Amino acid sequence: WLLPQYVSAVVPSQILISSSFFLVISRMPAVILISMNRQTLLIAMTLPAILCGVSVDWALIETGKGIAGVAVGTSISFILYAMLTIIASLRCIKVTLKDSIAFALKLFTPYAIVGMLLALTLFLVPTVQDQWISDLMCTILKTVVLILLIGIVYYLISKKFGSADRQGIFNINVHSNLQ
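Here's a quick rundown of the structure. This structure is a prediction, so every number in the text was calculated from the model and none was measured.

Reading guide: rules and limits
Residues numbered from 1 in each chain as written. Predicted model: local features only at pLDDT ≥ 70, side-chain atom pairs only at ≥ 80, totals over all residues. Heavy atoms only, no water. Core = buried A, V, L, I, M, F, W, Y, C linked by side-chain atoms within 4.5 Å. Buried < 20%, exposed > 50% of the residue type's maximum accessible area, 1.4 Å probe, protein only. Contact = heavy atoms within 4.5 Å. Helix = DSSP H or I, 4+ residues; strand = E, 2+ residues; numbered from the N terminus. Axes fitted to C-alpha atoms, helices over the stretch in contact; angles between N-to-C directions. Parallel < 35°, antiparallel > 145°, perpendicular 65-115°, else oblique. Left-handed = near helix turned anticlockwise from the far one by under 90°. Polar contact = N/O pair within 3.5 Å; in protein donor to acceptor, adjacent residues only side chain to side chain. Phe/Tyr/Trp six-rings, centres within 6.5 Å; stacked < 30°, edge-to-face > 60°. Expected span 1.5 Å × (residues − 1). Bend = angle between axes of the 7 residues up to and from the residue. Nonpolar A, V, L, I, M, F, W, Y, C, P; charged D, E, K, R; others polar.

### Details of the nonpolar core
Note that soluble globular proteins tend to have their nonpolar side chains buried in a common cluster. If you look at the biggest cluster of nonpolar residues, it comprises 19 residues, and the most contacted ones within it are F22, I25, I86 and L90. F22 has contacts with F78, I79, A82, F108 and Y111, leaving out every residue within four places of it along the chain. One finds V125, V145, L146 and L149 within the second-largest nonpolar core, a separate group that totals six residues.

### Points about the side chain of S89
With respect to the helices and strands, S89 occurs in helix α3 (residues 66–92). Looking at S89, the relative accessible area reads 4%, which means it is buried.

### Thoughts on unusual backbone geometry
One non-glycine residue, N37, adopts positive backbone phi at about 60°. Mapped onto the secondary structure, N37 falls in the loop between α1 (10–35) and α2 (39–62). Phi at K94 is positive, roughly 65°, even though this residue is not glycine. Residue class for K94 comes out partly exposed when judged on its relative accessible area of 40%.

### Quick word on the packing of α2 against α3
To describe two helices that pack against each other, one gives the angle between their axes and the distance between the axes. At their nearest, the axes of α2 and α3 sit 8 Å apart, and the two run at 160° to each other. It follows from the interaxial angle that α2 and α3 lie roughly antiparallel. Between α2 and α3 the crossing geometry is right-handed.

### Notes on the environment of T63
By secondary structure assignment, the location of T63 is in the loop between α2 and α3. Only 3.1 Å separates the side chain of T63 from the backbone oxygen of L60, close enough to count as a polar contact.

### Here's the deal with the packing of aromatic side chains
The tally for this structure, following the rule as stated, stands at five aromatic pairs. Taken together, a centroid distance of 6.4 Å and an interplanar angle of 75° make the contact between F21 and F108 edge-to-face. Taken together, the residues span a long stretch of sequence, with F21 in helix α1 and F108 in helix α4 (residues 97–124) at a distance of 87 residues. Note on F21: relative accessible area 23%, which makes it partly exposed. Owing to a relative accessible area of 15%, F108 belongs among the buried residues under this scheme. Aromatic side chains F22 and F108 sit 5.7 Å apart centroid to centroid with 25° between the ring planes, which places their arrangement in the stacked category. Of this pair, F22 sits in helix α1 while F108 sits in helix α4; the two residues are 86 residues apart in sequence, bridging distant segments of the chain. Each residue in the set F21, F22, F108 and Y111 is aromatic and connected to the rest through ring pairs, giving one cluster.

### Section: α1
With 26 residues, α1 ought to run about 38 Å at 1.5 Å a step, and its terminal C-alpha atoms sit 38 Å apart, in line with that. Remark: the principal bend of α1, roughly 30°, maps to R27, with a proline, P29, within the next four residues. Check the buried side of α1 and you find it contacts α2, α3 and α4. Looking one or two residues past α1, N37 carries a phi angle of roughly 60°, positive in sign.

### What to know about the packing of α1 against α3
Relative to each other, α1 and α3 sit at 20°, their axes nearing to 8 Å. Taken together, α1 and α3 sit at an angle that is classed as roughly parallel. By crossing handedness, the relation of α1 to α3 is classed as left-handed. Of the residues that constitute the contact of α1 with α3, the class distribution is 22 nonpolar, six polar and no charged.

Any link to function would need more than the numbers given here.
What follows is the structure, encoded as structure tokens:
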């Protein structure tokens, strides 16, 4: 097998890479809070995420989950941080609770769908670990199956609802008070 010393890092890497989505989407809300001079609110949103991450990491280490457990705990803190910063920034620009919930659903639904399709792909395509070439071919097959499934879902959604741009899907009502 190719580079067997790195096999133990594959699962934690997969967990952290998949949860990095939440760090990406939390960046703009953090910038909004900073530009509105709400740095203290941003710190207040960051501290619970850090404390949650440290607590969950510690608990998972103590229960013997190892580095994969630390990756899960860190991912939970990423999710919490993203949710807190998004909610705080939406509330600062006076977005209604109804619009905030609708926005969050539109934001996280594609991630959930892709996650379910990835799980389905992992279930449908067996993992082969005997030689690196068969492992590479299996990985390529999984990637192709995932892309096909995402394409089918995208086609069905587009057919039923039309384009996101034409529907104004990501428009939210903002009543800004930016003085």
